[in-house]
Amino acid sequence: MADADEIIHQSTRLRLMSVLNALPDGEALDFKRLKAIAQATDGNLGAHLATLEKAGYIAIDKDFVGKRPRTQARISRAGRRAFERHLQYLRDIIEGVVPADN
Amino acid sequence: MTIQANEAASALKDAEAAAGRAASAHGYRIASGYLILWGAIWTAANIATQVSLPVGQMVWTVGAVIGIAASTWLGSRQTGRGAKGGWVKALLIGMAIAGFGVGVSVIAPPLDYGQGEAVACLAVGAIYVAMGATAGLRLAAVGAAIMVATVAGWLFARDQFFLWMAAAGGGGLILGGLWLRKV
């Protein structure tokens, strides 16, 4: 039986993880594209990414393209596992394997 | 942590939608390189064909060799980034298009060079529409635009057909490739 992941379950972080999990291993997305694809309107996007990074679910890479700074995020193996576990937990609730008020 | 069934269903739906957008955006990113590459070859070859048929044929031949080599290279880069069999897919698509061309020229040989080009453009457009049905609707829109441009050029710009195809076909592919990157 899978467990809930409170870090991932927050709606913006769930979408961020969904987007990053859909990419091939090692593929990173820059901040602007990640925000657009995740349709994140939350002003605290940086804080959400920092929370996911602190949990070890994503890695944040900062570099320069020419003179312009670029921030990219990519999912870690631990992040993929945690995300899959959380999705399984949600499916279990829907199928009644886990009581909804658990 | 308390999660109700309806909340779980809503979260799953949100997650699936976001993953779908990410997969489409990733596919667009990959496809854009091929579109810009072949758009440039298409434009150069059609301009050359409008000026002189033998020169155009030579540019098409050289362009096809460069295009296939570059497409294979683009595919191998995707394989290196974790996508499975990128160069194999690129090679298969290239072989399917070449096979279609050979088959048509044997079964229903075009009456002239322009007709052959028009049929090839329609086939390429149809392939993009078919790929777009699974990879993302923007790719399908690019394919449909190529097909419409080809028919329009055939009906209304026959005298300048190759120039039309350079601008509408090749230019359209390049613009389509740039559009796919804007996600």
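Residues numbered from 1 in each chain as written. Chains lettered and ligands numbered in written order. Predicted model: local features only at pLDDT ≥ 70, side-chain atom pairs only at ≥ 80, totals over all residues. Heavy atoms only, no water.

Peer 1: Before we move on, can you summarise helix 4 (residues 45-54) of chain A with the specific residues and values?
Peer 2: All names here are of chain A. Inspection of helix 4 places Leu 45, His 48, Leu 49 and Leu 52 among the buried residues, and these make up the whole buried set. For helix 4, the angular spread of the buried residues around the axis is 100°, confining them to a single face. As for helix 4, its buried residues are in contact with helix 1 (6-9), helix 2 (11-21), helix 3 (31-38) and strand 2 (58-65). Once helix 4 finishes, Gly 56 follows within two positions and takes phi at roughly 85°, a positive value. (Buried < 20%, exposed > 50% of the residue type's maximum accessible area, 1.4 Å probe, protein only. Helix = DSSP H or I, 4+ residues; strand = E, 2+ residues; numbered from the N terminus. Arc of directions from axis to C-beta. Contact = heavy atoms within 4.5 Å.)

Peer 1: Run through the interface of chain B and chain A, naming residues and quoting values.
Peer 2: Contacts between the two partners involve 25 residues from chain B and, on the opposite side, 25 residues from chain A. Both faces considered, chain B and chain A share a buried interface measuring about 2,200 Å² in area, 65% of it formed by carbon and sulfur atoms. At the junction of chain B with chain A, the criterion picks out 1 salt bridge. Across the pair Asp 14 of chain B and Arg 15 of chain A runs a salt bridge whose closest N-O atoms are separated by 3.6 Å. For the interface between chain B and chain A, the tally reads 4 residue pairs in polar contact (both at pLDDT 80 or more). Of the residues forming the side of chain B that touches chain A, the biggest block, 16 residues, is contributed by helix 1 (residues 5-51) of chain B. Of the residues belonging to the side of chain B that touches chain A, the class tally is 15 nonpolar, 4 polar and 6 charged. (Buried area = accessible area lost by both parts, 1.4 Å probe. Salt bridge = Lys/Arg side-chain N within 4 Å of Asp/Glu carboxyl O. Polar contact = N/O pair within 3.5 Å; in protein donor to acceptor, adjacent residues only side chain to side chain. Nonpolar A, V, L, I, M, F, W, Y, C, P; charged D, E, K, R; others polar.)

Peer 1: Which residues make up the pairing of strand 3 (residues 68-75) of chain A, and what are the values?
Peer 2: All names here are of chain A. Of the pairings in the sheet, the one linking strand 1 (residues 29-30) to strand 3 comprises 2 bridges and is antiparallel in character. Each residue of the ladder has a partner; that of Leu 29, found in strand 3, is Ala 73. Sheet topology places strand 2 next to strand 3; 8 bridges connect them, and they run antiparallel. Each residue of the ladder has a partner; that of Ala 59, found in strand 3, is Arg 74. Between strand 2 and strand 3, which pair antiparallel and follow one another directly, the connecting turn spans 2 residues, one of which, Gly 66, has a positive phi of 70°. (Pairing = 2+ DSSP bridges.)

Peer 1: Got a sec to walk through the layout of surface pockets? Specific residues and values, please.
Peer 2: To locate leftover empty space, one rolls a probe as large as a water molecule over the atoms. Each pocket or cavity is described by its volume, and for the largest pocket that value is around 1,700 Å³. Lining the largest pocket we find 50 residues, and of these Trp 38, Ile 93, Gly 94, Ile 97 and Val 124 of chain B sit closest to its centre. Elements with a contribution of two residues or more to the lining of the largest pocket: helix 1, helix 2 (53-80), helix 3 (86-107) and helix 4 (113-135) of chain B. For the lining of the largest pocket, the per-class residue count stands at 34 nonpolar, 12 polar and 4 charged. Taken as a whole, the second largest pocket spans an internal volume of roughly 1,000 Å³. If you go around the second largest pocket, you meet 31 residues; those closest to its centre are Asp 30, Arg 33 and Arg 70 of chain A together with Arg 29 and Arg 181 of chain B. The residue inventory of the lining of the second largest pocket, partitioned by class, reads 15 nonpolar, 5 polar and 11 charged. (1 Å grid on protein atoms, 1.4 Å probe; cavity = no way out; pocket = protein on both sides within 12 Å on 5 of 7 lines; lining within 4 Å. Points joined across faces, edges and corners; volume = space filled by probe spheres on them.)

Peer 1: Can you lay out a nonpolar patch on the surface for me, pointing to particular residues and giving the numbers?
Peer 2: Nonpolar side chains collect at one region of the surface, where Val 55, Met 58, Val 62 and Ile 66 of chain B lie side by side and expose about 360 Å² of accessible area between them. In this fold, Ile 66 of chain B is placed in helix 2. (Patch = residues over 30% accessible without salt bridge, like charges linked within 9 Å, V, L, I, M, F, W, Y side chains within 5 Å. Areas by Shrake-Rupley, 256 points an atom, 1.4 Å probe, with all protein chains shown as cover.)

Peer 1: Break down the pattern of salt bridges for me, with residues and values.
Peer 2: Residue and element names in this part refer to chain A. Within the structure shown, the criterion is met by 4 salt bridges over all chains. Of the charged contacts in the structure, one is a salt bridge between Asp 25 and Arg 80, with a shortest N-O distance of 3.0 Å. Placement of Asp 25 in the loop between helix 2 and strand 1 and of Arg 80 in helix 5 (residues 77-95) is noted, with a sequence separation of 55 residues between them. Judged by relative accessible area, which is 56%, Asp 25 ranks as exposed.

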